[in-house]
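For reference, the chains in residue letters:
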Amino acid sequence: GNAVSTTIDVIGKNIDGNWTVVASQEVNENGEAVFEQDWENNTDTRVFLGDCYVKARATDNTLETYYPSTPIWASASPVSIESDNTWDPKQVEINLQPVPAPMTGSGVIEGTVYSASANNARAKAAALHTSIMVYLLDAQTSEIVAQANTDEDGRFRFENVPYGTYKVLPNIDGCTVSTPVNVELTAENPIVSDVDYTVIEDEVIPDGICSTPHSDASVQGIWSLSGYQQATRGLNIIRYSDGTARK
């Protein structure tokens, strides 16, 4: 396919054991991002040895897409870097997933994604102060029918939603959703609010579940969206293009 202008993120574990972006690179005119040590320009974007994930950021026409070609973290596949041999680089390709067509219904679904407090898992939760992607999926087919970014207070809103049954799925690097919230819109109930989630450690939990008290151990490792960058070692090249996914 044709190359698309975007930025590629490499996601690895930081010193706290959380998944975080460890390297980023804008693609070139050929749709490629190369992670290596450039002696001529004195730059180093090497990726450390071990498992990592590769993600193309969202554009106006495409969703954020993980290798091998999925918009959802839970469906992504890790890329294993086993050698720092520059003559044997790791190469992956990502086929960007298109943005769904605009909806033309009259329903509304809205909610908030929170970050748990270590003192009280939900009562003192504060909204995540960074934008994350929230997907709306058809409950029957699991097809993504809309996407929305949270605002600075963690709120999201889907408008013009046709009547039907949907799943609401926040997507955060390194986090799995325990149970996606099912929402049904009808002529009698066209607006559903307070579809809320709380992020605790590496899990995104619906409000109805996370209102249950958690032990201290369960909230010690509160998910951080800005962790420490692990020192890189090993030399790797990852190339991106808008083509058939392969490893």
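Refer to the structure above for everything that follows.
Note that the coordinates shown come from a computational prediction; the quantities given were computed from them, not determined experimentally. (Residues numbered from 1 in each chain as written. Predicted model: local features only at pLDDT ≥ 70, side-chain atom pairs only at ≥ 80, totals over all residues. Heavy atoms only, no water.)

Quick look at the pattern of salt bridges now. For side chains of opposite charge, pairing can occur when their charged atoms come near one another. Enumeration according to the criterion identifies 7 salt bridges in this entry. Here arginine 157 ties to glutamate 110 by a salt bridge, and the two come within 2.6 Å at their closest N and O atoms. With arginine 157 in strand S12 (residues 155-161) and glutamate 110 in strand S8 (residues 107-115), the pair connects residues that are 47 residues apart, well separated along the chain. Glutamate 110 sits in the partly exposed class, given a relative accessible area of 23%. With a shortest N-O distance of 2.7 Å, arginine 157 and glutamate 159 are connected by a salt bridge. (Salt bridge = Lys/Arg side-chain N within 4 Å of Asp/Glu carboxyl O. Helix = DSSP H or I, 4+ residues; strand = E, 2+ residues; numbered from the N terminus. Buried < 20%, exposed > 50% of the residue type's maximum accessible area, 1.4 Å probe, protein only.)

Turning our attention to the sheet that holds strand S10 (residues 133-138). Two strands in a sheet stick together by hydrogen bonds in their backbones, pointing the same way (parallel) or opposite ways (antiparallel). Taken in spatial order, the 4 strands line up as S11-S10-S13-S15 in an open sheet, and their pairing is antiparallel. At either margin of the open sheet sits one strand with a lone partner, and together these are strand S11 (144-149) and strand S15 (181-185). Direction aside, neighbouring strands of the sheet carry axes that sit 30 degrees apart on average. Where S10 lies against strand S13 (residues 164-171), 6 bridges are found, and the strand directions are antiparallel. (Pairing = 2+ DSSP bridges. Axes fitted to C-alpha atoms, helices over the stretch in contact; angles between N-to-C directions.)

Next up on the list: the nonpolar core. In this structure, Ile109, Leu136, Phe158, Val168 and Val195 are the most contacted members of the largest nonpolar core, which totals 32 residues. When residues of this core are traced back to their parent elements, those giving at least two are S8, S10, S11, S12, S13, S15 and strand S17 (197-200). The element best represented in this core is S10, accounting for 5 residues. (Core = buried A, V, L, I, M, F, W, Y, C linked by side-chain atoms within 4.5 Å.)

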